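Residue-level listing of the chains:
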Protein chains: 2
Amino acid sequence: MNPEPFLQLDRVIHEKGRLALMSLLAATDELSFTDLRDTLGMSDGNLMSHVRTLQEAGYVAVTKSFRESRPLTTCSLTKSGRAAFVTYIGLLEQIVAQTKQR
Amino acid sequence: MNPEPFLQLDRVIHEKGRLALMSLLAATDELSFTDLRDTLGMSDGNLMSHVRTLQEAGYVAVTKSFRESRPLTTCSLTKSGRAAFVTYIGLLEQIVAQTKQR
């Protein structure tokens, strides 16, 4: 077994809540905080904390705006977030493949 | 996106050091503590701590014996460890597939 792909897994993305969050965002242009929270079944605080970690890593951008005069917070992947996610999924693929080939 | 496979990921296996460890053990019957440590590039303390977590989850069995009158510690997956690993890899496969299908 080659341990390289394991060592390279990005810890920021690997945490399973953040992995789900990144995957949701990767599937679309942007999602509201409310949609993310409801789809992931996370508390506001939990989602907020994961979003902050991803923001600090430069992977997620947060935009605050108004819709029908109500505040709306949306999240989207940055270019580097999308690149990091593609790399991460490629490593998972290698891990699965090297397990299956035995 | 279906968040189910993310939520089901076993946290005991998901930590990347333990994932590498479980993958190594899944590829063979047993490995010595020394071989695991050297292949994974972990410190004794780090490996010991991961092995203990996996032991407590019932996923890894530790055997102490002697070879050429020197103590030898070997680790192997238990039946339930192997089953949990197969389930985990199946979930990773779903995650990769659902990312790739877009």
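Scroll up to find the structure.
Residues numbered from 1 in each chain as written. Chains lettered and ligands numbered in written order. Predicted model: local features only at pLDDT ≥ 70, side-chain atom pairs only at ≥ 80, totals over all residues.

## A short note on the sheet that holds strand 1 (residues 31–32) of chain A
Strand pairing in a sheet relies on backbone hydrogen bonds, with the paired strands running either antiparallel or parallel. Residues and elements named next belong to chain A. Reading across from one edge, 1-3-2 is the order of the 3 strands in this open sheet, with antiparallel pairing throughout. The sheet terminates laterally at strand 1 and strand 2 (60–67), the two strands that pair on one side only. With 2 bridges joining them, strand 1 and strand 3 (residues 70–77) adopt antiparallel strand pairing. Within the sheet, the bridge partner assigned to Ser32 lies in strand 3 and is Thr74. The sheet contacts of helix 5 (residues 44–56) involve strand 2 and strand 3, and relative to strand 2 the element is tilted by about 120°. (Pairing = 2+ DSSP bridges. Helix = DSSP H or I, 4+ residues; strand = E, 2+ residues; numbered from the N terminus. Contact = placed C-beta atoms within 7 Å. Axes fitted to C-alpha atoms, helices over the stretch in contact; angles between N-to-C directions.)

## Section: the environment of Met22(A)
All names here are of chain A. Mapping Met22 onto the fold places it in helix 3 (residues 16–26). Distance from Met22 to Phe85, taken between C-alpha atoms, is 7.2 Å for residues 63 residues apart in sequence. Dropping the residues within four chain positions of it, Met22 is found in contact with Ile13, Tyr59 and Phe85.

## Some points on helix 6 (residues 79–100) of chain B
All names here are of chain B. Look at helix 6: 32 Å from first C-alpha to last across 22 residues, which is about the 32 Å you get at 1.5 Å a residue. Along helix 6, the residues classified as buried are Gly81, Ala84, Phe85, Tyr88, Ile89, Leu91, Leu92, Ile95, Val96 and Thr99. Burial along helix 6 is one-sided: seen end-on, the buried residues are contained in an arc of 155°. Facing away from the buried side of helix 6, by more than 90 degrees, are the exposed residues Lys79, Ser80, Ala83, Val86 and Ala97. (Expected span 1.5 Å × (residues − 1). Buried ≥ 20, exposed ≤ 12 C-beta atoms within 10 Å, placed from the backbone. Arc of directions from axis to C-beta.)

## Structural notes on the nonpolar core
For soluble globular proteins, the rule of thumb is that nonpolar side chains tend to be buried together. Counting residues in hydrophobic clusters, the biggest one holds 48 residues, and the most contacted among them are Leu92(A) and Leu92(B). Residues within four places of Leu92(A) in sequence aside, it is in contact with Leu92(B), Ile95(B) and Val96(B). (Core = buried A, V, L, I, M, F, W, Y, C linked by C-beta atoms within 7 Å.)

## Looking at the relation of the copies chain B and chain A
If you rotate chain B by 180° and push it 0.0 Å along the axis, it lands on chain A with an RMSD of 0.0 Å. Here the transformation between the copies is reduced to the relation of a two-fold axis. (Least-squares fit on C-alpha atoms with pLDDT ≥ 70 in both.)

## Digging into the sheet that holds strand 1 (residues 31–32) of chain B
Residue and element names in this part refer to chain B. Taken in spatial order, the 3 strands line up as 1-3-2 in an open sheet, and their pairing is antiparallel. The open sheet has two edge strands, strand 1 and strand 2 (60–67), and neither has a second partner. Pairing analysis gives 8 bridges linking strand 2 to strand 3 (residues 70–77), with the strands arranged antiparallel. When the bridges of strand 3 are listed, Thr63 appears paired with Thr74. Helix 5 (residues 44–56) rests against strand 2 and strand 3 of the sheet, and its axis sits at about 120° to strand 2.

## Topic: the packing of helix 3 of chain A against helix 4 (residues 33–40) of chain A
Residues and elements named next belong to chain A. It is at 11 Å that the axes of helix 3 and helix 4 come closest, and there the two elements cross at 125°. As judged from the angle between their axes, helix 3 and helix 4 are oblique. Where helix 3 crosses over helix 4, the handedness of that crossing is right-handed. In this structure, helix 3 uses Ala20, Leu21 and Leu24 to contact helix 4, whose residues at the interface are Leu36, Thr39 and Leu40. For the contact of helix 3 with helix 4, a count of residues per class yields 5 nonpolar, 1 polar and no charged. (Parallel < 35°, antiparallel > 145°, perpendicular 65-115°, else oblique. Left-handed = near helix turned anticlockwise from the far one by under 90°. Nonpolar A, V, L, I, M, F, W, Y, C, P; charged D, E, K, R; others polar.)

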